[in-house]
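These are the residues of each chain, in order.
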Amino acid sequence: MLSNLSSNVVLAKARAMYGRRLTPQSYQELLACRSVSEIAAYLKSRTSYGRILSGINENDIHRGRLESLLRQRVFEDCASLCRYEISVGEHFSQYLLERAEIEQIIHSVSHLMAGSPEEYLFNMPEYLNRHTRIDLLALGRIKSFDDLLQAVARTPYHSLLQRFRPAAGQPLDYFGIEKALYQYLYSQVFSIIQKSTHGETQRELYELFNAYIDIQNYTYIVRLKFNYHSGPDFIRSSLLPFGTLRERHIDALLEAETPQKAREALEKTSLGKRIRNVDASEFLMTRVEYLICRHKIRFSTHPVVVMLSYVFLMEIELHDITNIIEGIRYQVPSDEIASLLTVLNSI
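The rules behind these values
- Residues numbered from 1 in each chain as written.
- Predicted model: local features only at pLDDT ≥ 70, side-chain atom pairs only at ≥ 80, totals over all residues.
- Heavy atoms only, no water.
- Helix = DSSP H or I, 4+ residues; strand = E, 2+ residues; numbered from the N terminus.
- Rg over C-alpha atoms; globule rule 2.2 N^0.38 Å.
- Buried < 20%, exposed > 50% of the residue type's maximum accessible area, 1.4 Å probe, protein only.
- Contact = heavy atoms within 4.5 Å.
- Areas by Shrake-Rupley, 256 points an atom, 1.4 Å probe, with all protein chains shown as cover.
- Lys, Arg positive; Asp, Glu negative; His and termini not counted.
- Charge placed at Lys NZ, Arg CZ, Asp CG, Glu CD.
- Polar contact = N/O pair within 3.5 Å; in protein donor to acceptor, adjacent residues only side chain to side chain.
- Salt bridge = Lys/Arg side-chain N within 4 Å of Asp/Glu carboxyl O.
- Phe/Tyr/Trp six-rings, centres within 6.5 Å; stacked < 30°, edge-to-face > 60°.
- Core = buried A, V, L, I, M, F, W, Y, C linked by side-chain atoms within 4.5 Å.
- Arc of directions from axis to C-beta.
- Axes fitted to C-alpha atoms, helices over the stretch in contact; angles between N-to-C directions.
- Parallel < 35°, antiparallel > 145°, perpendicular 65-115°, else oblique.
- Left-handed = near helix turned anticlockwise from the far one by under 90°.
- Nonpolar A, V, L, I, M, F, W, Y, C, P; charged D, E, K, R; others polar.

**A look at the overall build of the protein chain**
Consideration 1: In terms of regular secondary structure, the protein chain is built from 19 helices and zero strands.
Consideration 2: At 20 Å, the protein chain has a C-alpha radius of gyration in line with the 20 Å of a compact globule built from 347 residues.
Consideration 3: In terms of overall dimensions, the protein chain has a C-alpha envelope of 50 × 50 × 45 Å along the principal axes.
Consideration 4: Here the protein chain holds 347 residues, and the buried ones make up 53% of them.
Consideration 5: Of the contacts formed within the protein chain by residues at least 6 apart in sequence, a portion of 63% connects residues at least 24 apart.
Consideration 6: Counting every atom, the protein chain has about 16800 Å² of accessible surface; 49% of that belongs to carbon and sulfur.
Consideration 7: Here the protein chain contributes 40 positively and 40 negatively charged side chains, and the mean placements of these two sets differ by 4 Å.

Shown next, in the form of structure tokens:
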């Protein structure tokens, strides 16, 4: 009885929270803003982000601080839903935390490679300090790869990263680091799904994560092949060893002579057949994720599926808001910013 009650609460709560999402009208009004301060004022007074922004001075807020507060709202929503999902909520709460930690490590590595590691401090999510095993302040002060290892010394990431310590004068292996971290993460989540769920819930969760990984691997192939002109062996070594793309699918993608030919090869897969009408842009991954999760949150009867769908949809919304903030900051025309927004282009 308690389990059924909990399940009903999660379903109702996640869908009610999703009902407070930004509307197409909200996006248009945000696109009409002319500064970060105007965006902050709009989000504070006109949207469900108002609670987390209630204490800010919108006329004097740094872009990084605003984005961190918006991420905090999403993180707190996740934690709230996980507490109600008594069957596997704790496990997925740990997964979401580890994913946030990995994102911070990757951001820090990017800044280190660019020669500006101090930039991380402006975007450091302070709210994670209460939960993470990473020393975020140390992560924001790194000057070398050894500093990075020290910042993650008491975490599982230390042993993963240690083997990527570069030799003197050699660059960091960014793609190797990214793959190792995400391979660890997805190994954890698939273990949770295998051990803690069953039946239709397990099937839908596999579908959710496999679709995302398939698109991520497809994106890696296209980016490495056509943008970086990498060879097939390097591309294969960069792919995550999960998802439903088989060897013949990967071969066809690697043999494609143009991005359009690669998209045609993808459309011959089970996932590709479902996304033929999705715009073949560089934002394909988030648009596919949006469409799948929107379907799940509306029609799935399994609490953990609906819970994770809500989390992923809110992260997409946050990504759209960040694109608007960045676009307005750099005075990009509003129609160009709008073309980048997942929600507006997936309705």
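Moving on from the coordinates now.
**Digging into the side chain of Arg73**
Consideration 1: Structurally, the position occupied by Arg73 is in helix α5 (residues 63-84).
Consideration 2: Since its relative accessible area comes to 5%, Arg73 is described here as buried.
Consideration 3: Within the local environment of Arg73, its side chain forms a polar contact with the side chain of Asp77, the two groups lying 2.9 Å apart.

**Re the pattern of salt bridges**
Consideration 1: A complete count under the given rule lists 18 salt bridges for this structure.
Consideration 2: Ionic pairing is found between Arg203 and Glu207, a salt bridge with its closest N-O pair at 3.6 Å. Here Arg203 and its partner Glu207 are both found in helix α12 (residues 199-227), four residues apart, which amounts to about one turn of the helix.
Consideration 3: Owing to a relative accessible area of 42%, Arg203 belongs among the partly exposed residues under this scheme.
Consideration 4: The partner of Glu267 in a salt bridge is Arg263, and the shortest N-O contact between them spans 3.3 Å.
Consideration 5: Residue classification places Arg263 among the buried residues on the basis of a relative accessible area of 3%.

**Comments concerning the packing of aromatic side chains**
Consideration 1: With the rule as written, the count across this model stands at 12 aromatic pairs.
Consideration 2: With centroids separated by 5.8 Å and ring planes inclined at 80 degrees, the aromatic side chains of Tyr174 and Phe175 adopt a geometry described as edge-to-face.
Consideration 3: A centroid spacing of 5.8 Å and a plane angle of 20 degrees characterise the contact between Phe190 and Tyr206, whose relative ring orientation is stacked. Here Tyr206 lies in helix α12 and Phe190 lies in helix α11 (residues 174-196), a separation of 16 residues in the sequence.

**Remarks on unusual backbone geometry**
Consideration 1: Non-glycine residue His229 carries a positive phi angle of around 55 degrees.
Consideration 2: Structurally, His229 can be placed in the loop between α12 and α13 (232-238).
Consideration 3: Positive phi values are uncommon outside glycine, yet Gln331 reaches one of about 60 degrees.
Consideration 4: Turning to its location among the elements, Gln331 is positioned in the loop between α18 (303-329) and α19 (334-338).
Consideration 5: According to the relative accessible area criterion, Gln331 is exposed, its value standing at 73%.

**Examining the nonpolar core**
Consideration 1: Counting 120 residues, the largest nonpolar core has Phe92, Tyr157, Leu161 and Phe209 as the members making the most contacts within it.
Consideration 2: When residues no more than four places from it in sequence are discounted, the contact partners of Phe209 are Phe92, Tyr95, Tyr186, Val189, Phe190, Ile193, Leu308 and Phe312.

**Digging into helix α3 (residues 36-46)**
Consideration 1: Of the residues making up α3, those classed as buried are Val36, Ile39, Ala40, Tyr42 and Leu43. For α3, the arc enclosing every buried residue in end-on projection is 160 degrees, short of the 170-degree limit, so these residues lie on one face. Facing away from the buried side of α3, by more than 90 degrees, are the exposed residues Ser45 and Arg46.
Consideration 2: Next to the buried residues of α3 lie α2 (24-31), α4 (50-53), α5 and α18.

**Focus: the packing of α2 against α3**
Consideration 1: Closest axis-to-axis distance for the α2/α3 pair is 10 Å, and the angle between their directions is 150 degrees. Considering the angle they form, α2 stands roughly antiparallel to α3. Relative to α3, the crossing made by α2 is right-handed. Listed contacts from α3 to Ser26, Glu29 and Leu30 of α2 are Ile39, Tyr42, Leu43 and Arg46.

**Here's the deal with the environment of Ser339**
Consideration 1: Structurally, Ser339 can be placed in the segment after α19.
Consideration 2: A residue is classified by how much of its surface remains accessible, and Ser339, at 39% relative accessible area, is partly exposed.
Consideration 3: The contacts of Ser339, once residues within four sequence positions are left out, are Arg287 and Asn345.

**Things to note about the packing of α3 against α18**
Consideration 1: Close contact between α3 and α18 brings their axes to 9 Å; oriented N to C, the two are set at 150 degrees. By the criterion of interaxial angle, the relationship of α3 to α18 is roughly antiparallel. Each of Val36, Ile39 and Leu43 in α3 lies in contact with α18, whose residues at this interface are Ile321, Ile324, Ile325 and Ile328.
Consideration 2: Residues of the contact of α3 with α18, tallied by class, amount to seven nonpolar, no polar and no charged.

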